[in-house]
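Residues per chain, in single letters:
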Amino acid sequence: MSAPSHAPRDVPILEVRELVMRFGGLTAVNHVTFNAMAGDITAVIGPNGAGKTTVFNLITGFYKPSAGEIILHGPGGQKPLHATVGHRIAQSGVARTFQNIRLFPGMTVLENLLVAQHNTLQAATGFGIAAVLGLGRYRQAEREAVALARRWLEATRLIERADDPAGALPYGAQRRLEIARAMCTNPVLLCLDEPAAGLNPRESEELAELIQLIRAEGCSILLIEHDMGVVMRISDRVVVLDHGRKIADGTPAAVRADERVIAAYLGEGDEDDAPAAPAPEGVA
Amino acid sequence: MSGASRLPEGPHVGGVPHNDDGVPEPGEMGGIPRGPEAAPPRPPVAHALRDAGISALVALGLFVPLVGLRTDVGPGGGGLILRTRWADVAILVAIVFAGRLAMNLWSAYRPAKKPRTVLRTAQIARIGTFVAPLFLGFAVLMPLLPWTTRYGLDLGVLVLTYVMLGWGLNIVVGLAGLLDLGYVAFYAVGAYTYALLSTTYGLSFWVCLPLAGIFAAFAGVLLGFPVLRLRGDYLAIVTLAFGEIIRVVLLNWVSLTGGPNGISGIPRPSFFGLSFSAGGGPGTFSDFFGLEPSPTHRAVFLYYLILVLALLTNWVTIRLRRQPLGRAWEALREDEIACRALGINVTNTKLTAFAIGAMFGGFAGAFFATRQAFVSPESFTFIESAIILAIVVLGGLGSQLGVAIAALVLIGGFEAFRDLEEYRMLVFGAAMVVIMVWRPRGLVSTRRPSVALGERRAISGDLVGEGHG
């Protein structure tokens, strides 16, 4: 896979160090350490119950880690995410999607994307008072927000459905909308929790293209996925978890050859299913 | 980024594209074969008769002990005697039989229900755009109409007060999806704020009005903090308790609030310093404008005052809905976890909803105090909260027009049924049940999007969340 030219490959965007999460007597995440490099697509794979989603919830502040550190190397310098409250993590540039889609179903597609830009817009409203009176820079800010939303609607091919309620979209479109909504927060790191779940092969294909497009925008990606075709083709680095522990960490090719990964997750027959050729021309 | 051009349209899988509309087009492959639709078998008359017979039997079993047997005090006050009323029982059972039979036959033979077409939805939406200005026009002109009586004017003031309270609560329950059963507490805080400030410090209504709003908003934040973590039923219980706490404090803090005696002699509002004294005299409204002194002037003034306050509530709500804050409220109602993942401060957003909703409750309370010239804890019981919540739910969560109509129907209807005397509550309750069965999501269940690239289309209530607290 040709290295994209837009970002240095050896600078981490996210450092996870000795992360531990216990729920009562159960240790869901057990001393996991890995780095996600800036500009990379880092995949986290593993069997069900391996602790992948728990790691995501720790990174995005939905859980507080029992021990360990999560450091984001964002545009504003280092930020210890393990000591930051949920909404501030999102504000520092970590966006996420959910395994079971969480849209605002009664709001239109466009409204979903404007809610994502809440903090930018709220800053332009002058504590809401100026905006209620129709004063100030609010109109300008809203125009810009709609423009950003429109851009991502075009990228996700949802522009035709912009005024439809999000709950009325078909499943695949809802998945794309959730990604578009996350991108409207202008993140530096996008965490995708099983974005290909429930998609047909063609939709998975489009999803892989969308993810690569997002990476080309300069946003690093952390990905949980069970679709090995997608993972092996687009990721630069794969972290394998099993029973809360990291059992492998490396390039897709190296991970696929790792015996422990094969035993724990991929299985013998899976190698045939994985596409032999890497991504077609022009990743970025 | 160059947008869509980067994502080429993938090739269609398979030969001729199959569009999923279920209608096979020429050359289109697959699809489910669609035969002529078989008409659903209609239940015969015998079935209807049998069902009605069973209902009549159940009714008989119920009415024999309930209606058929009656104990009365015997002549001379000695002991009870048993009277039987079999004729009444027979009539009731016959009514049940006939009613059930009619229902069965109607459901069997009524014309097939037409599905609601896009055209019909558009028609309803068009009617909707006319209804609101019509109501507004009527509300503005009502005191000037020649056939408006003093009673009608007072009723209008009452209805508008509840419209305003409904709109205020709509922010909390309808937009932010936080079920609040103690809204009357803020109404009470506003009323007592005005009552105490005006009787103790002699402050005028216009100074006290914003203060009442601020105090009520403060009470809203006070309530908001402990309940931030609670959702759904738990939130409802705590807000209910909060409402009761406020009432009990008002009842027992005798040195400040006068306890159960309340506060009387609250100054009436003035029109830019001109008072509405019935006796006329220098410095009064009637004197200044050279009118015949009349108590109607004050009633008209109060009417317009509450109309302006209610419209202010409406205007602020409509504006806020299009702001990031309003959208965040609605997003919170739809999915709180997603809000947090998008960097929305859920705590602050909930608190602002409580505070702004409470503020309008406080304004309404100050108005209530100045209109009545007397406040006591009796006016702020739980039933008030329940009525305001019923207005919001009946009108449709989040719908401004629906809430206004519901307030009119509920409060106006309550007065209209006054002639029915003891059956009033029965009719009233039955009407509410019927409305909720007929329109489970309220009178106006659709939601209008706050922003659109093209045309704004109403969103079906089925998709809109109700909030989880």
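Every chain begins its residue count from 1, and numbering advances along the sequence as written. Written order decides the labels, with chains lettered from A and ligands numbered from 1. The predicted nature of this model means local features are confined to residues of pLDDT at least 70 and side-chain atom pairs, given and counted, to a pLDDT of 80 or more, with totals for whole chains, interfaces and linings taken over all residues.

- The name an unreviewed UniProt entry assigns to chain A is ABC transporter ATP-binding protein, from the organism Muricoccus vinaceus.
- Among the UniProt annotations of chain A, the heading Sequence similarities (unreviewed entry) holds the following wording: "Belongs to the ABC transporter superfamily." UniProt positions are given in the numbering used here, feature names are shortened, and annotations may be inferred rather than shown by experiment.

1. Quick notes on the overall build of chain B
Point 1. Each helix is a run of DSSP H or I of at least 4 residues and each strand a run of E of at least 2, with the numbering of both proceeding from the N terminus. For chain B, the count of helices and strands is 16 helices and four strands.
Point 2. With C-beta atoms placed from the backbone, a residue is labelled by how many other C-beta atoms lie within 10 Å of its own: buried for 20 or more, exposed for 12 or fewer, partly exposed between the two. Per-residue burial over chain B gives 38% buried out of 469 residues.
Point 3. Counting contacts in chain B only where the partners sit at least 6 residues apart, residues at least 24 apart contribute 71% of the total. Contacts here follow a simple rule: the backbone-placed C-beta atoms of the two residues must lie within 7 Å.

2. Notes on the overall build of chain A
Point 1. Of regular secondary structure, chain A possesses twelve helices and ten strands.
Point 2. The burial tally for chain A puts 49% of its 284 residues in the buried class.

3. Brief notes about the domain arrangement of chain A
Residues and elements named next belong to chain A.
Point 1. Domain parsing of chain A yields domain 1 (1-93 + 187-284) and domain 2 (106-185).
Point 2. With twelve residues of domain 1 at the interface, the matching set in domain 2 holds eleven residues.
Point 3. Only helix 2 (86-91), strand 7 (189-193) and helix 8 (201-216) provide two or more residues apiece to the side of domain 1 that touches domain 2. Here the limits of each domain have been adopted from an automatic or database domain assignment.

4. Comments concerning the sheet that holds strand 9 (residues 237-242) of chain A
Residues and elements named next belong to chain A.
Point 1. Strands pair, by our definition, only if DSSP identifies at least two bridges between them. If you trace the six strands from one edge of the open sheet to the other, you get 6-7-8-3-9-10, paired in mixed fashion. Two strands close off the open sheet at either side, each with one partner strand: strand 6 (94-96) and strand 10 (245-250). The average angle at which neighbouring strand axes cross in this sheet is 20 degrees, direction not considered.
Point 2. With five bridges connecting them, strand 7 and strand 8 (residues 220-224) associate as parallel partners. The residue bridging Asp193 from the neighbouring strand is Ile224, located in strand 8.
Point 3. Against the sheet, helix 11 (residues 259-266) engages strand 3 (41-45), strand 9 and strand 10, with an angle of about 120 degrees to strand 10. Helix axes are fitted to C-alpha atoms over the stretch in contact, other axes to C-alpha atoms as well, and angles between N-to-C directions run from 0 to 180 degrees.

5. Notes on the sheet that holds strand 5 (residues 77-80) of chain A
Residue and element names in this part refer to chain A.
Point 1. Spatially, the four strands line up as an open sheet ordered 2-1-4-5, and their pairing is antiparallel. Of all strands in the sheet, those bounded by a partner on one side alone are strand 2 (26-37) and strand 5. Sheet twist, expressed as the average angle between the axes of neighbouring strands with direction ignored, equals 20 degrees.
Point 2. Bridge count between strand 1 (residues 12-23) and strand 2: eight bridges; the pairing is antiparallel.

6. Brief notes about helix 4 (residues 150-175) of chain B
Residues and elements named next belong to chain B.
Point 1. To estimate the expected span of a helix, subtract one from its residue number and multiply by 1.5 Å. For helix 4, built from 26 residues, the straight-helix expectation of 38 Å at 1.5 Å per residue is met to within 8% by its first-to-last C-alpha distance of 36 Å.
Point 2. Values of bend correspond, residue by residue, to the angle between axes fitted over the seven residues ending at that residue and the seven starting there. Where helix 4 bends most, at Leu169, the angle is about 40 degrees.
Point 3. Judged by how many residues are buried, helix 4 sits mostly within the fold: 19 of 26 residues are covered.
Point 4. One or two residues past the end of helix 4 sits Gly177, with phi positive at roughly 70 degrees.

7. Notes on the interface of chain A and chain B
Point 1. Taken residue by residue, the interface counts 42 residues in chain A and 41 residues in chain B.
Point 2. Contributing elements (two or more residues each) for the side of chain A that touches chain B: helix 2, helix 3 (109-116), helix 4 (118-123), helix 5 (129-132), helix 6 (138-155) and helix 8 of chain A.
Point 3. Amino acid classes used here: Ala, Val, Leu, Ile, Met, Phe, Trp, Tyr, Cys and Pro are nonpolar; Asp, Glu, Lys and Arg are charged; the rest, including Gly, are polar. When grouped by side-chain class, the residues that make up the side of chain A that touches chain B number 17 nonpolar, 13 polar and twelve charged.

8. Digging into the domain arrangement of chain B
A common way to report how large an interface is uses the accessible area buried once the components associate.
Point 1. The domains assigned to chain B are domain 1 (45-109) and domain 2 (122-438).
Point 2. For domain 1 of chain B and domain 2 of chain B, the distance between their C-alpha centroids amounts to 44 Å.

9. Brief notes about the packing of helix 5 (residues 184-201) of chain B against helix 7 (residues 232-252) of chain B
Residues and elements named next belong to chain B.
Point 1. Contact geometry for helix 5 and helix 7: axes closest at 8 Å, N-to-C directions at 30 degrees. Between helix 5 and helix 7, the angle is such that the two are roughly parallel. The segment helix 5 lies against helix 7, with Val184, Ala185, Ala188, Val189 and Tyr192 engaging Phe242, Gly243, Ile246, Arg247 and Leu250.
Point 2. By residue class, the composition of the contact of helix 5 with helix 7 is eight nonpolar, one polar and one charged. With respect to orientation, any angle under 35 degrees is reported as roughly parallel, any angle over 145 as roughly antiparallel, any angle of 65 to 115 as roughly perpendicular, and every other angle as oblique.

10. Overview of unusual backbone geometry
Residue and element names in this part refer to chain A.
Point 1. Although it is not a glycine, Glu18 sits at a positive phi angle of roughly 50 degrees.
Point 2. A positive phi angle is found at His31, which is not glycine, with a value near 50 degrees.
Point 3. Note that His31 resides in strand 2.
Point 4. Judged by C-beta crowding, with 14 C-beta atoms within 10 Å, His31 ranks as partly exposed.

11. Section: the environment of Asn200 of chain A
Residues and elements named next belong to chain A.
Point 1. Take Asn200: it is sitting in the loop between strand 7 and helix 8.
Point 2. For Asn200, a count of 12 C-beta atoms within 10 Å gives the class exposed.
Point 3. Sequence-wise, Asn200 and Gly172 are 28 residues apart; in three dimensions their C-alpha atoms are separated by 8.5 Å.

12. Here's the deal with the confidence of the model for chain B
Residues and elements named next belong to chain B.
Point 1. Across chain B, the average pLDDT comes to 83, with 86% of residues at or above 70.
Point 2. Here pLDDT means the predictor's own confidence in every residue, given as a number from 0 to 100. Scored below 50 in pLDDT, residues 1-35 shows 30 contacts in the model against residues more than four places distant or in partner chains.
Point 3. The complex model carries a pTM of 0.80, and its ipTM stands at 0.86.

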